[in-house]
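Architecture at a glance
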Amino acid sequence: MMLFQEMVEMVREEVLQKIAHPYLFKHIDNPVIDEDKLLLTVFLLKQADLNDSQVITYATTKMLIQIALDTHELVTNDSVHKGIEKNRQLTILAGDFYSGQYYKLLADLEDYEMIKVFAEAIKEVNENKMIIYQQAFAGLSEMREAIVAVEFSILEKLIDRFRLDNWKNFAMSFLFLNRMLQDRNTYNLTGNSFLFNRLTKHSEELARLAEENKYLLFDPFIQEATDMLTEALTSSKNVEDSITARTTAILDKIKQQMYVEEG
């Protein structure tokens, strides 16, 4: 059986090989592999009753889907490629290309069950992205649910498929906190962020609260997820060192930011 870090590197190499396209790389930015999601995906799949080849295949597939979704999201962001129609079209095509690579990988293996599993996850992610983009949430709780769904739906399907329920709270909290940390860092640096914009545009009431309380509006959800992740990390056994280290770093950074803002 391969060591964890060897498997992570193998998946990264497989992903890079499958997204390689000289023309696309020449005209648009190379896609970025989310290292945290890569680590977490490989770790979770290694907890399932799978051989090394299956872990690599499903982790590669998951990361290709993530890259495809992230690439398509660039098209809907006004700050990216604005007014550059060629780049916009190529970005759409790139997302389709990356998505096609995941489908081809599973189709070649005739793994139609996993194609269905991932298709359902993609549908959930896109539906919840639309909720956030269109401010179609009733309040903060609904927005939080949509954020969790966007970040967690793909891994949640894998967790359900391979009966890894004991890792669900850990994975969900990890991904939610990581997403909030990224957005919070942007807000602290610039005074604005994607999620903060969605709040202020949603309603006058949330805009007023956001202006008065800044990012503290999200703190109850962040604290809840922090407690859940801390408990999950403490109670879990045989967690890979790299997962423990990254989880601890996220928790420490979140606590540091909340302490500074409270002060």
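Scroll up to find the structure.
To keep things clear, this report deals only with the structure shown in the data block. (Residues numbered from 1 in each chain as written. Predicted model: local features only at pLDDT ≥ 70, side-chain atom pairs only at ≥ 80, totals over all residues. Heavy atoms only, no water.)

Within the structure shown, the criterion is met by 10 aromatic pairs. Look at Tyr58 and Phe162: their rings are 5.6 Å apart centre to centre, the planes differ by 35°, and that puts the pair in the tilted class. Residue Tyr58 is located in helix α4 (residues 52-76), and its partner Phe162 is located in the loop between α7 (140-161) and α8 (168-190); the two are separated by 104 residues in the primary sequence. Here Phe162 falls in the buried class, since its relative accessible area comes to 14%. Note on Phe170 and Phe174: the rings are 6.3 Å apart at their centroids and 25° apart in plane angle, and the pair reads as stacked. Linking Phe170 with Phe174, this pair stays in helix α8, spanning four residues, or about one helical turn. Through pairs of rings, three or more aromatic residues link up here, namely Phe4, Phe43, Trp167, Phe170 and Phe174. We note Arg144 situated over the ring of Phe176; from NZ or CZ to the ring centre the distance is 5.4 Å. (Phe/Tyr/Trp six-rings, centres within 6.5 Å; stacked < 30°, edge-to-face > 60°. Helix = DSSP H or I, 4+ residues; strand = E, 2+ residues; numbered from the N terminus. Buried < 20%, exposed > 50% of the residue type's maximum accessible area, 1.4 Å probe, protein only. Lys NZ or Arg CZ within 6 Å of the ring centre and 35° of its normal.)

What follows concerns unusual backbone geometry. Not every positive phi belongs to a glycine, and Glu110 is a case in point at roughly 55°. Within the secondary structure, Glu110 sits in the loop between α5 (85-108) and α6 (112-133).

This brings us to the pattern of salt bridges. Throughout the structure, instances matching the rule amount to 14 salt bridges. Here Asp219 and Arg184 are joined by a salt bridge, their closest N and O atoms 2.7 Å apart. Here Asp219, found in helix α11 (residues 219-235), pairs with Arg184, found in helix α8; they are 35 residues apart in sequence, far enough to count as distant. Here Asp219 falls in the buried class, since its relative accessible area comes to 9%. (Salt bridge = Lys/Arg side-chain N within 4 Å of Asp/Glu carboxyl O.)

Before going further, it helps to spend a moment on the packing of helix α9 (residues 194-202) against helix α10 (residues 204-213). Put simply, α9 and α10 touch, their axes get as near as 5 Å, and they point 135° apart. On the basis of the axis angle, α9 is oblique to α10. Here α9 contributes Phe196, Leu199, Thr200 and His202 to the contact with α10, which in turn contributes Leu206, Ala207 and Ala210. Looking at side-chain class alone, the contact of α9 with α10 contains five nonpolar, two polar and no charged residues. (Axes fitted to C-alpha atoms, helices over the stretch in contact; angles between N-to-C directions. Parallel < 35°, antiparallel > 145°, perpendicular 65-115°, else oblique. Contact = heavy atoms within 4.5 Å. Nonpolar A, V, L, I, M, F, W, Y, C, P; charged D, E, K, R; others polar.)

What follows deals with the side chain of Thr41. For Thr41, the position within the fold is in helix α3 (residues 35-46). A relative accessible area of 0% means that Thr41 is categorised as buried. If we ignore the near neighbours within four places in the chain, the residues touching Thr41 are Ala59, Lys62, Met63 and Leu155.

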